[in-house]
Amino acid sequence: MRFVSVAVPVPFLDRLTYNVPDHLELPVVGARVRVPIGSRTVTGCVVQQTADASPDPDTVKDIVEIVDREPFLPAGVVKLCEWVADYYLSGIGDAIAVAMPPGARSQASSFKTRQVATITAHGLALTHALGEALSRALGPALPPALGPTLPPALGPALGEASGPARDAAQRRALTSKQRDALDILAAAGVGLPVGELRDRGVTRDVLARLASRGLVTLRAEAEDRDPFERAALPSRRPDIARELTSEQREVFEQLAALVETGGFRTALLHGVTGSGKTEIYLRLAQAVQRAGRQILLLVPEIALTPSVTALFRGAFGDRVAIQHSALSDGERHDQWHRIRRGDVDLVIGTRSAVFAPLTRLGLIVVDEEHDTSYKQEEAPRYHGRDVAIVRATHEGALVVLGSATPSMETYQNAVSGKYTQATMERRVLDRPLAAVRIVNMRAEYAEQGPDVIISRDLATAVADRLARREQVLVLLNRRGYATAVFCRQCGDTFECPNCTISLTVHRARNGWRARCHYCNYSMMVPKACRKCAAPYLERAGFGTEKVEEQLAEAFPDARIGRVDRDSVRRKGALASLLGRFADGELDILVGTQMIAKGHDFPRVTLVGVVSADVGLGLADFRAAERTFQLLTQVAGRAGRGERTGEAIVQTLYPDHYSIQLACRQDYRAFFERELAYRRGMRYPPMVAVINTVVRGRTFDEAMQTATEIVRRIEPATATAGLTVLGPAPAPLVRLRGEHRVQFLVKGLRRADMRRALQAVLADMPQVRRRVTVDVDPLTVL
Ligand code: ADP
Ligand code: ZN
């Protein structure tokens, strides 16, 4: 008997062994197969051509059908998925699912096809006959443009046509509509889509009649849905003549030398905001393309980096594919198959593009490598940057991690020499970094009252930029209108019934709506208190909606746009807002962290940060790092053009190190300071952490299960060199109606930590579904 290991689409399940019945060939790794599981038949993927263990021949089931003769997923991607499943403790099916294009599991073809009509040699002879008849009738004065033009390639086909007299007779038998259709097709020389012919007055019916006489052929042809076209993503020709700055040239040569070695290496490109990192990526990518290898460019969010996409599209033309979750399934599917066919040299995409089916990878660029969007917060909980590095080790590629504010992990690896470090300390053309001013909001409240949102300094600076026709970004990393509603009489507040979180107030068409940002529960805010019936409900706190409102009141002539998850819900809304701002149709853009990412708006000379400390209150070990990154990044949006920029940072904690050092834009000092804190608290990157959350219908149930898991892990603490913290109530102790208890496993040897946890969970299959394991968590809320 022959056995294979198959990944099936069932959560948490390890790979399964199936028998290949005699009448089937042995399927290759990466091929899809139809296999029985329980009473269903599902589409799985072969991950190994042999069995993991010798199965019991009486119980092992047969493969039903082999879908692919050739690998559907390249073997390298299958191997990567196996690594992901193992490292992040997910099921192999979960990992394979991320690498599959939409529709890969359904039987029907997901290609979009269109009908194309092509004229036959016989049909062509008829149009030729008409041409000759016409020229005889009209004489030599007929301008050549009026005669049917024949593409040269079709010339020889005419010689095969039968007698001209018979053609002329047949031609007369055609209706005028049919003759028109033949003329259009003859002039085109290539097949034309039926849809396009319809626009030119040729109906499907006419084509069907011509086809039945053998004058045209109709066939279906796969059509690629083009996301560039639909999203109106522009393409920008790279400025070839542009000279690299001396710093850029040094860094480029340093990295190009690594490309040349052709092996695996990770490099950190640490360049301040506006130092011209994109230009480096582009030239490296071109060098890799010349060497005949492929490039993967990972970005946090495509819509936030239209200029980067445009630049690469300009340079690589149709050798570019795009992969991200905002594409329609059809577009994703088509782009995936273009990559799989080897039609592209460069893939631009978000997190999951790290699984793109490239087979000649030479370079992976992870732009803004510190960005949290690279981490997937559902199974498999992988980090795109880390998977990229593992992929590059498998495939012998260079990884370039780019950032002005590298993550603690990455910088630590650069300092220790594990990564090559390339640094750019100056902005291009020696433009200065924005000068940053701190406004102490405690003092502002004391002088102006507790309701101030925009300080006098910030208001003055905004007025000044508006008068000079320059642009302003205003950051508040909190969406909504108000952060809470409470009753002034009895103090009742509006909490989410499903989560331990207070509801955020949004302005709605017909009043105020309170919404939970975790589970999306929402309700209209009533006129009177639900508890005491007093009509004194008050809104407290503020978010982006209120900042937008206040700016509009203070600057009635300013054109203001708002970018947050609420305002960009509609497809294309984000690209449109950013586009209008880039085109100068808006003066002020208010928004959450979305406005801080990577943008290059040369006319922005002022960045205002309304509450710099929004994230500092979170019970999360990365709170200071996040705050530092966000402030440095947003300040980096100012002064990227000819005029120098300024940033004004409002805060209640002007002495906090993450705020102080972000304002001085001193990355190195922040890193040292933060590392000392992490060392003291035993947090990453000093140790590895696995966060385990156990969910239950009641708190006691969750706590009991968590306690039991921890009890079983305890014996491993000595041998595996790990410690367990907890179990304890999670900071968000109730979420989406479930109670949550968590514990952290800390240690120096990740593999041992994973094994210990894995072994315990394998023994408790009945609770596996209620346990979320997060290896290298970005947050522990
Ligand atoms: P970063 O990603 O490092 O913040 P960008 O790559 O967005 O910086 O570059 C900042 C700006 O400088 C962009 O407008 C870019 O077109 C421009 N730029 C980059 N390199 C050069 C150069 N060598 N000469 C002139 N302008 C440059
Ligand atoms: Zn909720």
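Residues numbered from 1 in each chain as written. Chains lettered and ligands numbered in written order. Predicted model: local features only at pLDDT ≥ 70, side-chain atom pairs only at ≥ 80, totals over all residues. Heavy atoms only, no water.

Turning our attention to empty space enclosed by the protein. With the rule as written, the count across this model stands at one cavity of 30 Å³ or more. The space that makes up the largest cavity amounts to roughly 30 Å³. If you trace the largest cavity, you find it lined by Pro300, Glu301, Leu304, Thr305, Glu368, Lys597 and Gly598. Split into classes, the residues belonging to the lining of the largest cavity amount to two nonpolar, two polar and three charged. (1 Å grid on protein atoms, 1.4 Å probe; cavity = no way out; pocket = protein on both sides within 12 Å on 5 of 7 lines; lining within 4 Å. Points joined across faces, edges and corners; volume = space filled by probe spheres on them. Nonpolar A, V, L, I, M, F, W, Y, C, P; charged D, E, K, R; others polar.)

On to the sheet that holds strand β16 (residues 420-424), then. Spatially, the seven strands line up as an open sheet ordered β12-β13-β11-β14-β15-β10-β16, and their pairing is parallel. The sheet is open, and its two borders are formed by β12 (320-323) and β16, each paired with just one other strand. Averaged over all neighbouring strand pairs, the angle between strand axes comes to 15°, with direction disregarded. Where strand β11 (residues 294-298) and strand β13 (residues 346-349) come together, four bridges link them in parallel fashion. By the bridge assignment, Leu298 is partnered in β13 with Gly349. Contacts between helix α15 (residues 408-415) and the sheet are confined to β10 (265-271), β15 (398-403) and β16, with β10 contributing the most and set at about 110° to the helix. (Pairing = 2+ DSSP bridges. Helix = DSSP H or I, 4+ residues; strand = E, 2+ residues; numbered from the N terminus. Axes fitted to C-alpha atoms, helices over the stretch in contact; angles between N-to-C directions. Contact = heavy atoms within 4.5 Å.)

Pairing within the open sheet is antiparallel, and its four strands lie in the order β29-β30-β28-β31. The outermost strands of the open sheet, each flanked by one partner alone, are β29 (722-735) and β31 (771-775). Strand-to-strand twist of the sheet, defined as the mean angle between neighbouring strand axes without regard to direction, takes the value 20°. Pairing analysis gives five bridges linking strand β28 (residues 688-696) to β31, with the strands arranged antiparallel. Bridge assignment links Thr692 to a residue of β31, and that residue is Val773. Lying on the sheet, helix α23 (residues 699-713) is in contact with β28, β29, β30 (738-747) and β31; it crosses β29 at an angle near 165°.

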